[in-house]
Amino acid sequence: MSELLRSYLTVGIFGVAAIAMAGAMLTIARILRPSRPTRQKLIAYESGVDPVGGDWAQSQIRYYVFAVLFVLFDVEAVFIFPWATRLEVYGVFGLVEMAIFIFILLLGLFYAWRKGVLRWV
Amino acid sequence: MTTLLALPYWQETGIKLGLALAIIPTTSLILVYLFLFKMMAFMQSRLGPNDTGPYGTLQLIAEAIKFLQKEDIHPAQADRRVFRMAPVVVLGSTFLLYVILPAGPDAVVENLDTGIFYAMAVSSLSVLGILMAGWSSANKYALLGGLRAAGQLIAYELPLILAVMGVVIQAETLNLQEIVVAQATGEIFGFGGIGNPFIFTQFLAFLIFMIAAQAELTQTPFDMPVAETELVGGFHIEYTGFRFLLFFMAEFGTAFAFAALASVMFLGGWWIPGFDVDDNILNVLGPGVMLGKILLISFFIFWVRFTYPRLREDQLQKFAWKVLIPLSLANIVLTGIFKVVF
């Protein structure tokens with residue numbers, strides 16, 4: 001196994017360990033804790049009042065546009081990271097290129113801003 | 001880097017895993033006892049817990065045992081499988097963060113080349129767990145809290161990533177160990193006595209990083225998702241017993257990890273002025289130095305938490321998109337210009 005793959009194997013092992021630790025602790029808890037469910041206990045909690053309406057309430061998702069904008073900038077970040085580690089090699093050329101790239105993305109942000117997308121209504 | 005011990009891969013990983021399993025719950029114990037219990041109490045002119053053990057130090061152990069004995073209630077309407085998985089996903093995100101946190105030249109679980117990029121990637125996994133918890137609880141408060149959390153975490157993730165970029169440009173690497181070395185071998189106007197902690201040259205990035213980290217951890221000025229006065233606890237409202245404790249552990253474990261990232265990137269990490277960067281003694285002294293810096297950063301995080309009132313949801317989103325993101329983009333361009341010109 002190569003060094004690179006092996007280092008990510010450790011990451012995998014840690015992921016499994018997290019699940020195992022949570023599982024072990026929940027198993028200990030399962031042995032110690034009582035389990036006496038009643039109908040009243042299993043009602044969704046709404047500050048002591050009986051819940052009104054269905055279980056999954058509808059709500060306006062204003063976050064949708066924010067999520068779309070997030071994808072835009074997150075992809076941008078993926079492009080900037082490799083550039084950032086090699087900036088000295090690229091010199092002025094790299095700097096100008098990235099300035100143009102960031103400028104175009106900023107235009108996008110300002111467009112969304114002017115359209116009133118960033119305003120919370 | 002020198003190799004401290006030459007062990008086969010499986011043995012070495014086993015030892016590191018054992019250490020990490022011991023350290024991660026301890027970190028949240030330290031933060032909660034020191035800051036959430038004692039410092040908050042003193043700032044509010046209270047005593048805080050003082051009965052259980054000397055100065056109340058065993059309070060959290062007692063509470064963990066209490067949580068172990070609590071009944072595990074699944075609401076009747078809940079999506080049972082997702083409901084059970086959610087806290088484990090959040091805890092997993094915290095665990096994966098600890099893989100790359102360096103505490104000495106060799107005292108690191110795995111020195112990944114993608115370092116800080118990896119940290120940003122796994123820390124955003126917790127959004128998934130929170131959204132799962134909020135959605136599967138089938139509770140109006142939980143759903144609202146989960147959506148608010150998702151909206152907030154993705155909005156503040158961007159300034160967080162973009163602030164890191166300034167450090168990456170200066171250090172020319174994503175690897176956390178090499179970022180520490182870059183600071184240790186740096187000079188401030190030709191004076192290399194204390195190296196060049198990036199907090200001096202990247203102060204704006206440091207401020208943005210700390211504000212965004214505060215929001216990522218949903219600590220108080222940004223605690224809209226868990227606002228107890230209106231959502232009673234947000235996404236974890238339906239969780240009882242040990243599953244609730246898992247969320248709690250993950251929250252403070254992540255706070256510790258973010259403080260560690262900040263001290264590695266901006267305060268010089270484990271390096272002590274006057275030592276060689278690959279001196280073996282730093283493997284012993286490094287963790288102590290790191291702990292000191294982490295506690296200092298955590299002090300500021302919790303100080304802000306206890307001081308400021310909550311931001312409204314629209315102010316919170318506006319602040320991220322209209323202030324922090326343009327500022328952090330400007331920081332990248334400025335750092336790039338300085339890097340190329342000087």
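Please read these numbers as outputs of a predicted model, since none were measured by experiment.

Engineer: Please clarify how the overall build of chain A should be interpreted in this entry.
Structural biologist: Regarding its fold elements, chain A presents 3 helices and 0 strands. N-terminal to C-terminal, the α/β element order of chain A is α-α-α. Taking 14 Å as the expected radius of gyration for a compact globule of 121 residues, we find that chain A reaches 25 Å, considerably beyond that expectation. Referenced to the eigenvectors of the C-alpha coordinate spread, the extents of chain A come out at roughly 70 × 55 × 15 Å. Here chain A holds 121 residues, and the buried ones make up 32% of them. For chain A, the share of sequence-separated contacts (at least 6 apart) that also reach a separation of at least 24 residues comes to 47%. Total accessible area on chain A stands at roughly 8100 Å², and carbon and sulfur atoms take up 67% of it.

Engineer: Please clarify how the packing of helix H4 (residues 115-123) of chain B against helix H11 (residues 241-266) of chain B should be interpreted in this entry.
Structural biologist: Two quantities define a packed helix pair, namely the angle between the axes and the distance from one axis to the other. All names here are of chain B. Between H4 and H11, the shortest axis-to-axis distance is 12 Å and the interhelical angle comes to 160°. The angle between the axes of H4 and H11 places the two elements in the roughly antiparallel class. Classified by chirality, the crossing of H11 by H4 is left-handed. Taken together, the residues of H11 that come into contact with H4 (itself represented by Ile116, Ala119, Met120 and Ser123) are Phe258, Leu261 and Met265. Partitioned by chemical class, the residues of the contact of H4 with H11 number 6 nonpolar, 1 polar and no charged.

Engineer: Hey, could you run me through the pattern of salt bridges in this one?
Structural biologist: Side chains bearing opposite charge may pair, as long as their charged atoms lie close to each other. This structure, assessed with the given rule, holds 6 salt bridges over all chains. Through salt bridges that share partners, Arg33 of chain A together with Asp72 and Arg243 of chain B make up one connected network.

Engineer: Hey, could you run me through the side chain of glutamine 152 of chain B in this one?
Structural biologist: Residues and elements named next belong to chain B. Looking at the secondary structure, you find glutamine 152 in helix H6 (residues 140-171). Note on glutamine 152: relative accessible area 0%, which makes it buried. The contacts of glutamine 152, once residues within four sequence positions are left out, are Ala215, Thr218, Phe222, Met224, Pro225, Leu316 and Gln317.

Engineer: Looking at this model, I keep getting lost on the domain arrangement of chain B. Mind explaining?
Structural biologist: Frequently, the measure chosen for interface size is the accessible area removed from exposure when the parts meet. All names here are of chain B. Along its sequence, chain B is organised into domain 1 (34-69) and domain 2 (73-341). Here the C-alpha centre of domain 2 lies 25 Å away from the C-alpha centre of domain 1. At the interface, 9 residues of domain 1 touch 13 residues of domain 2. Interface area, domain 1 with domain 2, both sides summed: about 1000 Å², of which 91% is carbon and sulfur. Considering only the side of domain 1, the residues that lose the most area to domain 2 are Phe35, Leu36 and Phe67, jointly responsible for 56% of the buried surface there. Run the count over domain 1 and domain 2 and you get 0 salt bridges. The interface formed by domain 1 and domain 2 holds 0 residue pairs in polar contact (both at pLDDT 80 or more) in total. Looking at the side of domain 1 that touches domain 2, the elements that each hand over two or more residues are helix H1 (9-43) and helix H2 (59-68). Of the residues assigned to the side of domain 1 that touches domain 2, the class counts are 9 nonpolar, no polar and no charged.

So, how was this worked out
- Residues numbered from 1 in each chain as written.
- Chains lettered and ligands numbered in written order.
- Predicted model: local features only at pLDDT ≥ 70, side-chain atom pairs only at ≥ 80, totals over all residues.
- Heavy atoms only, no water.
- Helix = DSSP H or I, 4+ residues; strand = E, 2+ residues; numbered from the N terminus.
- Rg over C-alpha atoms; globule rule 2.2 N^0.38 Å.
- Buried < 20%, exposed > 50% of the residue type's maximum accessible area, 1.4 Å probe, protein only.
- Contact = heavy atoms within 4.5 Å.
- Areas by Shrake-Rupley, 256 points an atom, 1.4 Å probe, with all protein chains shown as cover.
- Axes fitted to C-alpha atoms, helices over the stretch in contact; angles between N-to-C directions.
- Parallel < 35°, antiparallel > 145°, perpendicular 65-115°, else oblique.
- Left-handed = near helix turned anticlockwise from the far one by under 90°.
- Nonpolar A, V, L, I, M, F, W, Y, C, P; charged D, E, K, R; others polar.
- Salt bridge = Lys/Arg side-chain N within 4 Å of Asp/Glu carboxyl O.
- Domains from an automatic or database assignment.
- Buried area = accessible area lost by both parts, 1.4 Å probe.
- Polar contact = N/O pair within 3.5 Å; in protein donor to acceptor, adjacent residues only side chain to side chain.

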